[in-house]
Amino acid sequence: ILIDDLSTIMATFKFVDDVTLTEITDQSNMSQMQLAADQVAAWSHHNFMNINTKKTKEMLFGRISKNPLSLIVFNTGAVDRVTSFKLLGVIIRDNLSWENHINAVCAKAGTHLHFLKLLNRLSVTFDDLLQYYKAIIRPVIEYACPVWQSGLTVEQRSRLESIQRRALHIISGSLNYEPNCVLYDIEPISARLKNLT
């Protein structure tokens, strides 16, 4: 986002952690991103803050990635151009595929499923196991879903659904997924993601 007077906007914050600059351009337009980056660098220097260029990334979307613009440069060097990065907990790819994000969600939820199994072996009550699923595992699945759920493939949706299917199997001991969803008043993941969106 290009801002003419960055100091006016930033001065209202007591602490600035992450800043994201966004620009919409095409091959015929000149990019103003270096100018915006220079403004951020000047503001940071003026306010005695350092920009960590190792954590600073640039990603191009669309046709412009086939004929890329010049790299953005700060005093300490050029910014890395990447094909994916994590922004506020969501892994974004330059082709807007959500495969990397779904892989990360499934891995994190899988770790929590392991703890659910351990709790079950320790004879934790049914209600507590169900609460653990609702409070710890399901939020991992649905975090920021309005951003990405409409772009999922059938296979990715199935993988997310299988996490809940496995959790209900661990909790109830039954493989009857759909009846368990009704019995325990839990929406299937596909329906829940749409409703949350």
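What comes next concerns the included structure.

Reading the values: rules and limits
- Residues numbered from 1 in each chain as written.
- Predicted model: local features only at pLDDT ≥ 70, side-chain atom pairs only at ≥ 80, totals over all residues.
- Heavy atoms only, no water.
- Phe/Tyr/Trp six-rings, centres within 6.5 Å; stacked < 30°, edge-to-face > 60°.
- Helix = DSSP H or I, 4+ residues; strand = E, 2+ residues; numbered from the N terminus.
- Buried < 20%, exposed > 50% of the residue type's maximum accessible area, 1.4 Å probe, protein only.
- Contact = heavy atoms within 4.5 Å.

### Focus: the packing of aromatic side chains
Counted according to the given criterion, the structure contains one aromatic pair. Between phenylalanine 126 and tyrosine 184, the ring centres sit 4.9 Å apart and the planes meet at 50 degrees, which makes this aromatic pair tilted. On the criterion of sequence distance, the pair formed by phenylalanine 126 in helix H4 (residues 126-142) and tyrosine 184 in the loop between helix H7 (177-183) and helix H8 (189-196) is long-range, its members being 58 residues apart. Classification of tyrosine 184 as buried rests on a relative accessible area of 18%.

### Section: unusual backbone geometry
Unlike most non-glycine residues, leucine 88 shows phi in positive territory, near 55 degrees. If you trace the backbone, leucine 88 turns up in the loop between strand S5 (84-87) and strand S6 (90-93).

### Regarding the side chain of glutamine 149
Here glutamine 149 lies in the loop between helix H5 (145-148) and helix H6 (154-172). Setting aside residues no more than four positions away along its own chain, glutamine 149 makes contact with Arg157, Leu193, Lys194 and Thr197.

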